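A look at the structure
In case you want the letters, here they are:
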Amino acid sequence: MAHERSKEEIKEGILGKLKRHFGKTLEEATKDQIYKSCALSIRDVIVEQWTDANKQVLNQGLKRLYYLSAEFLMGRALVNNMVNLHLLKEYNDVLCDMGLKPDEIEEQERDAGLGNGGLGRLAACFLDSLSTLDLPVTGCSIRYEYGLFKQRILDGEQVEVNDNWLEAGNVWEIPRPEEQVEVRFGGEIEEIWTETGLKIRYKNSYSVLAIPYDYPVIGYMSKMPATLRLWSAKAKTGLDMNYFNRGDYAQAMQERELAEVISKVLYPEDNHEQGRQLRLKQFYFFTSATMQHIVRKHKQNYGDLHTLPNYFTVQINDTHPTLAIPELLRILMDEEGMGWDEAMDIVGRMFNYTNHTVLVEGLECWNEELFQSLLPRICQIIQVLNEKFCDRLWQAYPGQWDKIGSMAIVAYGEIRMANLCIAVCGKVNGVSRLHGEILKTRTFRDFYTVFPDKFLGITNGVTHRRWLAKANQPLTELIADHIGDGFLKDYREMDRIGDLLLKESFLDDFMCVKRKNKERLAAHLKKTQGIEIDPGTVFDVHAKRLHEYKRQLLKALHILHLYHLRKTNPQVQIEPATFLFAAKASPGYARAKNIIRLILAVAKLVNNDPDTKDILRVVFIENYSVSEAEVLIPAADISEQISTAGFEASGTGNMKFMMNGAVTIGTMDGANVEISEEVGLDNIFIFGASEQDIEKMERYGTYKPGEYYEQNTDLRYALNAMIDGTLPVASDRQFSDLYHSLLFGDMDRADRYYLLYDFAPYAQVYETMMSVYRNKDEWKRMAAMNTAKSGHFAADRTIHEYNDKIWHLKEM
Ligand SMILES: *Cc1c(COP(=O)(O)O)cnc(C)c1O
């Protein structure tokens, strides 16, 4: 829906909020107050629509999706909401007329950094698309008081700073204390037979209050704003007055703090699960609260719980929210008096599961004893689920105890969340075509044999409202000048950009926009980090979480190789390049943090050497986050997507870069495979081992990294440079851990991620790519082709697929 509002109305709206909310005139107000007044005036428009739409969903009896995710990496909301309400230009004009700088107002807002990386950002993109398509959805998660840490670079390494994002208040959230629920932990259970059947009693358990905070999230020209519901933990009792009156303030406070620590902080681990008690509490906390809320709401509106699956469908984003399944069983049996089969019939029709990782260290498992002591009743229910599931498996695999043991939900003292999801959920999906296939043929092969219809792959997407219209306004305007702005609502219209590739003037304008975005990034880096970069050089960007499988280290070795090339042969032609890295490492992931140190040491080396400083520049961008990505991605010429084949489930960064006209250099991994099909192999630079190659080497143990070291002098130089004093670091031993992990392996196998295997092919393809880059006519066509073919990676396409194959929601 368009929101026609005159500039006068907008101005009155902002000034009115300043006056009534803050008691300030424009002259007296701080930038923060002006930001909040803008946000509140925008919020009014959204909330009105939200209230009406939610009422209509009820009146029409429409099914609603509950998207459960431990992470929603939302970023900032203000400008994105202006884009989606089609009010951006009007607001910018008004702010300028008032003598304000729109950018400065935008920067007052703190990123909602409630996620680690791709998984959390996917959930955020999905809310935008679901709303744009007018499909009713509530996203549910935790209102972490501290989001993902902020990263600073100090003395050549990462330093973590906590992210107290709610400090200055949050204008978007609406607390709903009237909808609070209680979540119970610990204690022992007693089963008591009464006249009305089995009753469960708890002894010595304790409860925590879950208070919901709702955020309206509006898509592009939408009638149906989404809801993001974040649960916050609160102690049930106030201060314990017994302690308080005796003057023992510390003891009185302790109980409160123990309860409220549950929603205190987001765990900073990406693609890695550790069985920590507090994390288990977090997962149960938000899933229990959500299931209680759904049941309560359904009873209020419809009465009969047997119709629950007609009105609600639940998507489980990775295994973190799995406990929603046994929790709903518990509510239906223990609180609503249903029998097992009756409850199971309902639950079995409500849940679906998205898998996000093929890494073994990414799969979530819980120690049965820990689980038992924290969630005794849920543990019991899972054990029953397990028994019934193993009976079912016995029919498929009679006598094959090893196989059944590996597929069981509970075995060897561990509870395996992925197995629970597969046992109960209607559909299990991977997040790209390749990943979907790997789930069937490798990760969950035995399950696939028994349940062939459960498994599918649905390729991820990104919202082109945030990643194009918000992040790259000049490119959006250029496209709209030629094909109109209908593509923002209907992603299929993006295909029409293809027709423009024949127009030289369009291609030239396209490159002008790229140059502008490179200048914007240069100015941003100067301002935020005091770093100067040259927009006249090629911008080669590797931006994503730091993980060994994503192979930032391969790129660092390649830069050492280029450095060596130039040092040994000053005549060699090297395209002047700026290598931009952006990556947070989990604070407990020592090797990842050391890779950051290495990148910073390589930067120090090449940026200060008179022989290389004019042609090679290495920059580490601090604090990779949604807001940093919005400035960085539109400025990229080259998108580095160089994960070990078979390890990146999909990637979504690859799609954002492509959409913004960066050319990919990458492996045949995750969604890169489909990107290469969309743009064609002439418009992407693919290198290295395929997933099958890797799989073979893994199976037969034939990979010998030492042989590559022996045979390739360039590679040998790059590796030795890490430890032979070439790098400007205090200790030569600083990087011996990395060196050893590649050549010999310490705890694990040598070079688990096949860097040495892929080094030569990477260097070669990079050289080819640079020769194409020098041909400006060829390059501009290639860059624009990437934007033109990116429609397939719009999250709207992804949501259509989920809806056709899994959810079957009707639009409002
Ligand atoms: C898109 C995005 C990611 C995911 O990037 P990948 O390259 O797919 O790993 C991570 N962090 C942020 C801030 C993002 O916007």
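In case you missed it, the structure is sitting above this.
Residues numbered from 1 in each chain as written. Predicted model: local features only at pLDDT ≥ 70, side-chain atom pairs only at ≥ 80, totals over all residues. Heavy atoms only, no water.

1. A word on helix 9 (residues 277-302)
Because an α-helix completes one turn every 3.6 residues, residues spaced three or four positions apart along the sequence face the same direction. Relative to the 38 Å expected for 26 residues at 1.5 Å per residue, helix 9 spans 37 Å between its end C-alpha atoms, a close match to the ideal helical length. Of the residues trailing helix 9, Gly-303 is marked for its positive phi of about 80°. (Helix = DSSP H or I, 4+ residues; strand = E, 2+ residues; numbered from the N terminus. Expected span 1.5 Å × (residues − 1).)

2. As for the pattern of salt bridges
Considering all chains together, one arrives at 58 salt bridges under this definition. A salt bridge links Glu-167 to Arg-110; its shortest N-O distance comes to 3.5 Å. Note that Glu-167 is positioned in the loop between strand 6 (157-163) and strand 7 (174-175) and Arg-110 in the loop between helix 5 (102-106) and strand 3 (112-114), a separation of 57 residues in sequence. Glu-167 sits in the exposed class, given a relative accessible area of 60%. Relative accessible area serves as the criterion here: at 30%, Arg-110 is assigned to the partly exposed category. In this structure, the salt-bridge partner of Arg-699 is Glu-695, at a minimum N-O distance of 2.9 Å. On the criterion of helical spacing, the pair formed by Arg-699 and Glu-695 is a turn pair, its members being four residues apart in helix 28 (residues 691-700). You can call Arg-699 exposed: its relative accessible area is 51%. (Salt bridge = Lys/Arg side-chain N within 4 Å of Asp/Glu carboxyl O. Buried < 20%, exposed > 50% of the residue type's maximum accessible area, 1.4 Å probe, protein only.)

3. What about the site of the ligand?
Around the ligand sit 13 residues in total, of which Lys-544, Lys-550, Thr-652, Gly-653 and Lys-656 are the nearest. At a separation of 2.7 Å, an oxygen atom of the ligand approaches a polar side-chain atom of Lys-550. Separating an oxygen atom of the ligand from a side-chain N or O atom of Lys-656 is a distance of 2.6 Å. Alone, the ligand offers 390 Å² of accessible surface; in the complex the protein occludes 96% of this. For the shell around the ligand, the residue count by class is four nonpolar, six polar and three charged. (Near = heavy atom within 4 Å. Polar contact = N/O pair within 3.5 Å; in protein donor to acceptor, adjacent residues only side chain to side chain. Areas by Shrake-Rupley, 256 points an atom, 1.4 Å probe, with all protein chains shown as cover. Nonpolar A, V, L, I, M, F, W, Y, C, P; charged D, E, K, R; others polar.)

4. Re the nonpolar core
Core analysis: the largest hydrophobic core is formed by 276 residues, its most contacted members being Phe-285, Phe-351, Phe-371, Leu-580, Met-722 and Trp-779. The element best represented in this core is helix 24 (residues 590-608), accounting for 11 residues. In this structure, Ala-53, Leu-62, Met-224 and Met-812 belong to the second largest nonpolar core, which totals five residues. (Core = buried A, V, L, I, M, F, W, Y, C linked by side-chain atoms within 4.5 Å.)

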